[in-house]
Amino acid sequence: MQYNEIINPGLYNYWIVIFLMMIGFYIVIARGNLVKKLVGLNIFQTSVFVLYISMGKVVGGTAPIFGEGFEVFSNPLPHVLILTAIVVGVATTALGLSLVVRIREAYGTIEEEDIHAQEEDF
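Residues numbered from 1 in each chain as written. Predicted model: local features only at pLDDT ≥ 70, side-chain atom pairs only at ≥ 80, totals over all residues. Heavy atoms only, no water.

The protein chain has the name Na+/H+ antiporter subunit C in an unreviewed UniProt entry, where Terasakiella brassicae is given as its organism. Turning to the protein chain, the UniProt record has this under Sequence similarities (unreviewed entry): "Belongs to the CPA3 antiporters (TC 2.A.63) subunit C family." (UniProt positions renumbered as here; feature names shortened; annotations may be inferred.)

Below, the structure written as structure tokens:
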């Protein structure tokens, strides 16, 4: 396998997916701030969206509207599923942020280490 076969510019979107997944995963693991963890989860979730949309794209495909001159169609199902996932992601993020607000009210901080330290004191 040659170098130019590994780094295929036609597959750049998959490299972007891997890059975004690793960034989101790193933020979730390395950061103690709960808001930053939610941002990391959103970045990871965005990489999954890009992955599904990339897999659903057909080169030369058009929308599934029958007519003369159209022979190759793209499947609309991945795009519809991602649209639903975006709505669920926004709702989940809103719920996560509301939980962070409640944690801030209860503990006075949103840093994970400080919360664990307060729990050990009780």
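Caption draft 1: Spatial organisation of the overall build of the protein chain. Counting secondary structure elements, the protein chain contains five helices and zero strands. Element order for the protein chain, N to C, with α for helix and β for strand: α-α-α-α-α. With the C-alpha coordinates aligned to their principal axes, the bounding extent of the protein chain is approximately 70 × 40 × 15 Å. The 122 residues of the protein chain split such that 20% are buried. When contacts within the protein chain are restricted to residue pairs at least 6 apart in sequence, those whose partners lie at least 24 apart make up 43%. Summed over all atoms, the accessible surface of the protein chain reaches about 9100 Å², with 68% contributed by carbon and sulfur. (Helix = DSSP H or I, 4+ residues; strand = E, 2+ residues; numbered from the N terminus. Buried < 20%, exposed > 50% of the residue type's maximum accessible area, 1.4 Å probe, protein only. Contact = heavy atoms within 4.5 Å. Areas by Shrake-Rupley, 256 points an atom, 1.4 Å probe, with all protein chains shown as cover.)

Caption draft 2: Local environment of the packing of helix 3 (residues 34–56) against helix 4 (residues 77–107). Between helix 3 and helix 4, the least distance of the axes is 10 Å, while the angle of their chain directions is 175°. Between helix 3 and helix 4, the angle falls in the class roughly antiparallel. Listed contacts from helix 4 to Leu34, Val35, Leu38, Asn42, Gln45, Phe49, Tyr52, Ile53 and Gly56 of helix 3 are Pro78, His79, Ile82, Ala85, Ile86, Gly89, Thr93, Gly96, Leu97, Val100 and Ile103. Residue composition of the contact of helix 3 with helix 4, grouped by class: 13 nonpolar, seven polar and no charged. (Axes fitted to C-alpha atoms, helices over the stretch in contact; angles between N-to-C directions. Parallel < 35°, antiparallel > 145°, perpendicular 65-115°, else oblique. Nonpolar A, V, L, I, M, F, W, Y, C, P; charged D, E, K, R; others polar.)

Caption draft 3: View of the environment of Gly89. Mapped onto the fold, Gly89 is located in helix 4. The spacing of Gly89 and Lys37 is 52 residues in sequence and 14 Å in space, taken between C-alpha atoms.

Caption draft 4: Just the side chain of Thr109, in detail. As for its placement among the helices and strands, Thr109 is situated in the loop between helix 4 and helix 5 (112–121). Assessed through its relative accessible area of 12%, Thr109 is described here as buried. A polar atom in the side chain of Thr109 sits 3.1 Å from the backbone nitrogen of Glu111. When near neighbours in sequence (up to four residues on either side) are disregarded, Thr109 contacts Ile103, Arg104, Asp114, Ile115 and Gln118. (Polar contact = N/O pair within 3.5 Å; in protein donor to acceptor, adjacent residues only side chain to side chain.)

Caption draft 5: Up close: the pattern of salt bridges. Taken as a whole and assessed by the stated rule, the structure comprises two salt bridges. Salt-bridge contacts for Lys37 lead to Glu112; the nearest nitrogen and oxygen are separated by 3.4 Å. Note that Lys37 is positioned in helix 3 and Glu112 in helix 5, a separation of 75 residues in sequence. Judged by relative accessible area, Glu112 falls into the partly exposed class, the value being 30%. In this structure, the salt-bridge partner of Glu105 is Arg102, at a minimum N-O distance of 3.9 Å. Taken together, the residues Glu105 and Arg102, both in helix 4 and three residues apart, mark about one turn of the helix. Of the residues examined, Arg102 reaches a relative accessible area of 58% and is grouped as exposed. (Salt bridge = Lys/Arg side-chain N within 4 Å of Asp/Glu carboxyl O.)

Caption draft 6: Representation of the UniProt feature "transmembrane region" (unreviewed entry) in the protein chain within the structure. As recorded in UniProt, the feature "transmembrane region" (unreviewed entry) lies at residues 12–29, 41–60 and 80–101. Its end C-alpha atoms 26 Å apart, residues 12–29 is made of 100% helix and 0% strand. When the span residues 80–101 is considered, its composition is 100% helix and 0% strand, and the gap between its end C-alpha atoms is 32 Å.

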